[in-house]
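# Residue-level structure breakdown
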Amino acid sequence: RPFKPKTCILAGYLLNEDMLMNLKMAKENRITSHISQTNWTTSHTYQTNSITSQDYRVNVSTQISAFPRCERSVFLLIVVFSAPKNFEHRSIIRSTWAEIIDKDPDITNIIIKGSYTGKSLVKTMFLLGQTDEKTKNIIEIESEYYNDLVIGSFTDSYGNLTLKTKLGLEWARGFCKFEYYLKTDDDIFVYSKGLVKWLWQLPRERIYTGRCAFNKTVIRTAGHKWGVSKTDYQKDTYPPYCVGMGYIISSDVFQNMMVIVPTQPWFVLEDVYIGLILEKLKIVPVDNSKYFHIHSDYSWDVCKKKDLLLSLQATPKQMLQLHLKFSNLWKCGPVGYYKKV
């Protein structure tokens with residue numbers, strides 16, 4: 001059937017009458033409150049083009065200025081790191097893979113067996129930091145209408161991705177119950193229906209997977225985007241970790257992680273930061289690069305990439321194209337990540 005995107009906030013910031021009415025109702029019923037998390041002090045390096053050239057010490061609060069919650073237990077919680085001004089990215093994600101509405105018989109079977117509803121299979125939330133006043137005012141409208149933005153009190157920047165990581169972990173612990181936690185970015189296409197099918201067959205314990213790196217050499221080049229000094233990290237290689245485009249953690253691993261997070265030293269590379277925590281738990285990631293792809297050209301036939309579950313790097317237009325491609329995946333025959341029971 002033809003795909004019809006939902007009406008939503010786009011790059012032009014247009015609101016229709018229904019949205020304005022719902023927004024008015026949301027404001028009338030809004031309860032203002034704050035959730036304060038522990039403050040911590042960390043020493044790290046950050047500059048516009050370098051994360052290793054200037055050392056300074058900052059006090060950072062993980063106070064959450066917008067804190068929606070999951071209304072029910074979900075199978076897969078997807079936490080999307082998003083830049084404040086990426087309205088179109090969030091709009092396309094909401095209109096495509098953010099939830100599963102397909103009446104696929106395998107999905108229906110999972111819903112029945114897992115006592116889920118269609119809307120509780122997948123819950124997608126967007127994580128943002130602080131930005132300029134004009135953008136912040138638009139985000140406030142977006143947040144009140146969609147109720148899917150978790151906004152931290154720190155400045156949204158590349159140097160603060162680890163703070164955003166901790167924000168996502170703390171919000172998920174406090175406001176959502178889930179079987180699996182997926183961290184990804186707003187330029188990633190997620191084939192959420194396939195992802196649910198794949199995860200449903202896994203053992204649901206000690207899971208840490210994605211596109212993973214092993215024995216990765218630390219870059220020492222001053223001024224390099226991923227450069228880290230000996231002062232910040234003395235070893236020459238990192239522990240095994242899954243790269244930030246998308247990693248999945250089962251709820252048991254997540255709960256054990258949250259015991260360590262409050263005392264885990266800050267580290268500038270957000271995906272390595274997770275690897276350092278899980279190293280303490282003796283959790284070794286399982287590489288599934290065959291499902292987690294990196295592409296720039298999306299002109300290929302979907303049947304030749306039918307095992308794809310996540311793909312970096314997609315513009316909003318490409319994300320819509322991929323969604324349409326994968327809506328016809330049923331024509332391609334069996335996929336490698338799912339076996340009918």
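Please refer to the structure placed before this passage.
Owing to the predicted nature of the structure, the values given are computational and were not obtained by experimental measurement.

### Let's talk about the nonpolar core
- Grouped together as the largest cluster of nonpolar side chains are 53 residues, with contacts concentrated most on Leu76, Leu121 and Leu195.
- Looking at this core element by element, the count peaks at five residues for helix α6 (residues 192-200).
- With residues near it in sequence (within four places) discarded, Leu76 still touches Leu121, Val122, Lys123, Tyr180, Leu182, Leu195, Val196 and Leu199.
- Leu77, Val228, Val268 and Val272 belong to the second-largest nonpolar core, a separate cluster that totals 47 residues.

### Remarks on the pairing of strand β10 (residues 241-250)
- Taking burial as the measure, the 10 residues of β10 include nine buried ones, the bulk of the element.
- Bridge count for strand β7 (residues 178-185) against β10 is five bridges, and the pairing is antiparallel. What sits directly across from Lys183, in β10, is Tyr247.
- The pairing of strand β9 (residues 208-213) with β10 spans five bridges and is classified as antiparallel. Within β10, the residue paired with Cys212 across the bridge is Cys242.

### Considering helix α7 (residues 251-260)
- Here α7 has its buried residues at Val253, Phe254, Met257, Met258 and Ile260. Seen end-on, α7 carries its buried residues on one side only, within an arc spanning 150°.
- On its buried face, α7 is in contact with α5 (161-175), β7, β10 and α8 (270-280).

### Digging into the pairing of β9
- In terms of burial, β9 is largely enclosed, as five of its six residues are buried.
- Pairing of β9 with strand β11 (residues 286-287) involves two bridges; the strand directions are parallel. Counted as the bridge partner of Gly210 is Asp287 from β11.

### Some thoughts on the pattern of salt bridges
- One pass over the structure, following the stated rule, counts 14 salt bridges.
- As a salt-bridge pair, Lys197 and Asp104 come within 3.0 Å of each other at their nearest N and O atoms. Note that Lys197 is positioned in helix α6 and Asp104 in the loop between α2 (87-95) and α3 (105-113), a separation of 93 residues in sequence.
- With a shortest N-O distance of 3.3 Å, Lys183 and Glu270 are connected by a salt bridge. Of this pair, Lys183 sits in strand β7 while Glu270 sits in helix α8, and the two are 87 residues apart along the sequence.

### Focus on the packing of α2 against helix α4 (residues 133-146)
- For the pair α2 and α4, the least separation of the axes is 12 Å and the interaxial angle reads 15°. The orientation of α2 relative to α4 falls into the category roughly parallel. The interaxial crossing formed by α2 with α4 has left-handed handedness. Counted together, Phe87, Arg90 and Arg94 of α2 and Thr135, Ile138, Ile139, Glu142 and Tyr146 of α4 form the full contact between these two elements.
- Taken together, the residues that form the contact of α2 with α4 break down as four nonpolar, one polar and three charged.

### Regarding the environment of Phe126
- Locating Phe126 in the fold gives a position in strand β5 (residues 122-130).
- With residues up to four places along the chain from it excluded, the contact list for Phe126 reads Val80, Ser82, Arg90, Ile93, Arg94, Asp148, Leu149 and Val150.

### Observations concerning the sheet that holds strand β8 (residues 188-190)
- Taken together, three strands build an open sheet; the order of strands is β8-β13-β12 and the sheet is mixed. Each of the sheet's edge strands pairs with one partner strand only, and the pair in question is β8 and β12 (292-294). The average angle at which neighbouring strand axes cross in this sheet is 15°, direction not considered.
- As paired elements, β8 and strand β13 (residues 310-312) share three bridges and run antiparallel to each other. Bridge assignment links Val190 to a residue of β13, and that residue is Leu310.

About the criteria used
- Every residue gets a number counted from 1 within its own chain, in the order that chain's sequence is written.
- For this predicted model, a pLDDT threshold of at least 70 governs which residues receive local features, and a threshold of 80 or more governs which side-chain atom pairs are given and counted, while totals over whole chains, interfaces and linings are taken from all residues.
- Side-chain measures here rest on the full set of heavy atoms in the structure, leaving out hydrogens and waters.
- Throughout, nonpolar core names a set of buried Ala, Val, Leu, Ile, Met, Phe, Trp, Tyr and Cys residues whose side chains join them through atoms within 4.5 Å.
- For each residue, the accessible area found with a 1.4 Å probe, counting protein chains only, is set against the maximum for its type, and the residue is called buried under 20%, exposed over 50%, and partly exposed in between.
- Only DSSP runs of H or I with at least four residues qualify as helices, and only runs of E with at least two residues qualify as strands; both kinds are numbered from the N terminus onward.
- Only heavy atoms enter the contact rule, under which two residues are in contact if any of them lie within 4.5 Å.
- Only when DSSP finds a minimum of two bridges between them are two strands counted as paired.
- By construction, the arc corresponds to the directions joining the helix axis to the C-beta atoms.
- Salt bridge, as applied in this entry: a Lys or Arg side-chain nitrogen positioned within 4 Å of an Asp or Glu carboxyl oxygen.
- Only the contacting stretch of a helix is used when fitting its axis, a line to C-alpha atoms as for every element, and angles between N-to-C directions run 0 to 180 degrees.
- Geometric relationships in this document are graded by angle, where less than 35 degrees denotes roughly parallel, more than 145 denotes roughly antiparallel, 65 to 115 denotes roughly perpendicular, and other angles denote oblique.
- It is the rotation of the near helix from the far one that decides the hand of a crossing: anticlockwise by less than a right angle makes it left-handed, clockwise makes it right-handed.
- In the scheme used here, Gly and all other residues not listed as nonpolar or charged are polar, with Ala, Val, Leu, Ile, Met, Phe, Trp, Tyr, Cys and Pro taken as nonpolar and Asp, Glu, Lys and Arg as charged.

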